[in-house]
There are 2 protein chains.
Amino acid sequence: MKQDVKSEITKNLIVTKAFERFYQYGFNNTSIDTITSDLKLTKGAFYHHFKNKKELGATVIQQKIKDRILTGMIAPIYNHPDTPSKELLKLLFVERIQSFSSIEKNLGCPVNNFIHEIGNTDVLYQNALKNIIEEWQHALAELIEKGKFNKEIKQNINSNATALYLISTFEGVRGIRKLYNGNDIIINQYILALENYIDSL
Amino acid sequence: MKQDVKSEITKNLIVTKAFERFYQYGFNNTSIDTITSDLKLTKGAFYHHFKNKKELGATVIQQKIKDRILTGMIAPIYNHPDTPSKELLKLLFVERIQSFSSIEKNLGCPVNNFIHEIGNTDVLYQNALKNIIEEWQHALAELIEKGKFNKEIKQNINSNATALYLISTFEGVRGIRKLYNGNDIIINQYILALENYIDSL
DNA sequence: ACAAAAACATACTTACTAGTATGTTTTGAT
DNA sequence: ATCAAAACATACTAGTAAGTATGTTTTTGT
């Protein structure tokens, strides 16, 4: 196999496996050894492709975590250009949270987990995570602006603040839900209040 | 000094110092040695009073973290029996978040941090943290019920769901704020959207 | 005063993990 | 075919941290 292709494949394998492990066990509770041995690789391979664990962490955020938000939360906004704003807002959050597997509900949100575990330990992480939140907020704010333009949403609504409010609640609930192994009462209450909130906009 | 008094004092010193360290550096990044050496004590003293680190963690949650929520978020609800519900709701969250020092804003919320760091690693932690959230939610729901009774709040509002929604947003924002070292734009946006939300109830 | 138990100290073990030094195999350009 | 560099392996270092074993000091009930 060509070297550059092989290199890319190995890097991707490491980043993908790292994301899985980080999500399930946390960044600090995942050693380089467990990641590489899962892939039948060794430390030598890892440190050939990555400078250190921090670089791996940043790569996982920039690629895997960002992709998860892009695919799951941002892309759907643009995939439904004809759906009324409020309806789409409800769809986005309600369907998303209901689509999670029991494991994902118990494990919480990867972005949020990373924010709390290493989000304020290094500027590198901070900026990578901030970038994800801000793109998400921006996309939502655009949708809200569209709703205002179409007179579906009240003119005095601040779109950026509302976007942040929606994201915060979503992340907050996913955190609290981690305490309720297998019990969805929290999620159902969230959906109730969320629909009421969106109606009020 | 009497033994039981001395024992209580030492235990309290350890729990208090542990809370400080856990809040600032996290549970996993705080060693027993740093806690005890801060107090001019040794491992021997610690393991005489606590079975293990897990017991210390649970005690910190049950005492320090719970007390923080009780004092900062729950007690004020009952200290203002004559304030209209919506006004009090705004006061509770807005004044609270504005009262935090720059350090506290950067460090986030202790409950939330614990939830994310060890909240789903052990049933002991899970229950202790759940208890805090549920007492908080219950107190807020009571206030909302009172508002409904007084016709300040719409009758179709679900008080438990709304209480959870308020808590979730607060915790979510405090998480995201951790990415914005010293920048309060997030908090200002939160306040804007929060006031709008409470008005809509 | 004294024996026992509580309170605390010292020294050690064990386990884990990030990172390094160095060696071997594979790939690619000439 | 061959030499250099990339890709990966092996073995090691060093630091950290939870927990234990055991010793010393202080308190307490009699």
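Residues numbered from 1 in each chain as written. Chains lettered and ligands numbered in written order. Predicted model: local features only at pLDDT ≥ 70, side-chain atom pairs only at ≥ 80, totals over all residues. Heavy atoms only, no water.

## So, helix 7 (residues 110–118) of chain B
Summarising burial for helix 7 of chain B: 8 of the 9 residues are buried, a large majority. Residues of helix 7 of chain B that are buried: B:P110, B:V111, B:N112, B:N113, B:F114, B:I115, B:H116 and B:I118. (Buried < 20%, exposed > 50% of the residue type's maximum accessible area, 1.4 Å probe, protein only. Helix = DSSP H or I, 4+ residues; strand = E, 2+ residues; numbered from the N terminus.)

## Here we look at the relation of the copies chain B and chain A
Once turned by 180 degrees and shifted 0.0 Å along the axis, chain B lies on chain A with an RMSD of 0.0 Å. Viewed as a symmetry operation, the transformation between the two copies matches a two-fold axis. (Least-squares fit on C-alpha atoms with pLDDT ≥ 70 in both.)

## Let's talk about the state of the cysteines
Evaluation of the coordinates by the stated rule reveals 0 disulfides over all chains. In this model A:C109 remains outside any disulfide bridge; the closest cysteine sulfur is found in B:C109, 18 Å from its own. Residue A:C109 is classed as buried on the basis of its relative accessible area of 4%. (Disulfide = S-S within 2.5 Å.)

## Things to note about the protein's contact with DNA strand D
For DNA strand D, the set of nearby residues contains 22 residues, the closest of which are A:H48, A:H49, B:K2, B:Q3 and B:K43. Within the side chain of B:K43, an N or O atom sits 3.4 Å from a base nitrogen of DNA strand D. B:K53 has a polar side-chain atom sitting 2.9 Å from a phosphate oxygen of DNA strand D. Taken together, the elements giving at least two residues each to the surface near DNA strand D come down to helix 1 (3–25) and helix 3 (43–49) of chain A together with helix 3 (43–49) of chain B. Tallying contributions element by element places helix 3 of chain A first for the surface near DNA strand D, with 5 residues. (Near = heavy atom within 4 Å. Polar contact = N/O pair within 3.5 Å; in protein donor to acceptor, adjacent residues only side chain to side chain.)

## Some remarks on the protein's contact with DNA strand C
The environment of DNA strand C is formed by 22 residues, the closest being A:K2, A:Q3, A:K43, B:H48 and B:H49. Those atoms of DNA strand C that come within 4 Å of the protein belong to sugar or phosphate at a rate of 68%. In the environment of DNA strand C, a phosphate oxygen lies 3.1 Å from a nitrogen or oxygen atom belonging to the backbone of B:Q3. At 3.1 Å, a side-chain N or O of B:T10 approaches a phosphate oxygen of DNA strand C.

## Focus on the domain arrangement of chain A
Residue and element names in this part refer to chain A. By domain assignment, chain A separates into domain 1 (1–50) and domain 2 (59–200). Placing the centre of domain 1 and that of domain 2 at their C-alpha centroids yields a distance of 29 Å. Every contact between the two is made by 13 residues of domain 1 and, on the other side, 16 residues of domain 2. Summed over both partners, the interface of domain 1 with domain 2 comes to about 1200 Å²; 70% of that surface belongs to carbon and sulfur atoms. (Domains from an automatic or database assignment. Contact = heavy atoms within 4.5 Å. Buried area = accessible area lost by both parts, 1.4 Å probe.)

## A word on the interface of chain B and chain A
Each side of the interface is counted separately: chain B has 44 residues, and chain A has 43 residues. Contact between chain B and chain A buries roughly 3800 Å² in total, counting both sides, with carbon and sulfur atoms accounting for 62%. Looking only at chain B, the three residues that lose the most surface to chain A are B:H116, B:Y165 and B:L179, adding up to 20% of its buried area. Our enumeration of links across chain B and chain A arrives at 14 residue pairs in polar contact (both at pLDDT 80 or more). Those elements that place two or more of their residues in the side of chain B that touches chain A are helix 6 (102–107), helix 7, helix 8 (123–149), helix 9 (159–177) and helix 10 (185–200) of chain B.

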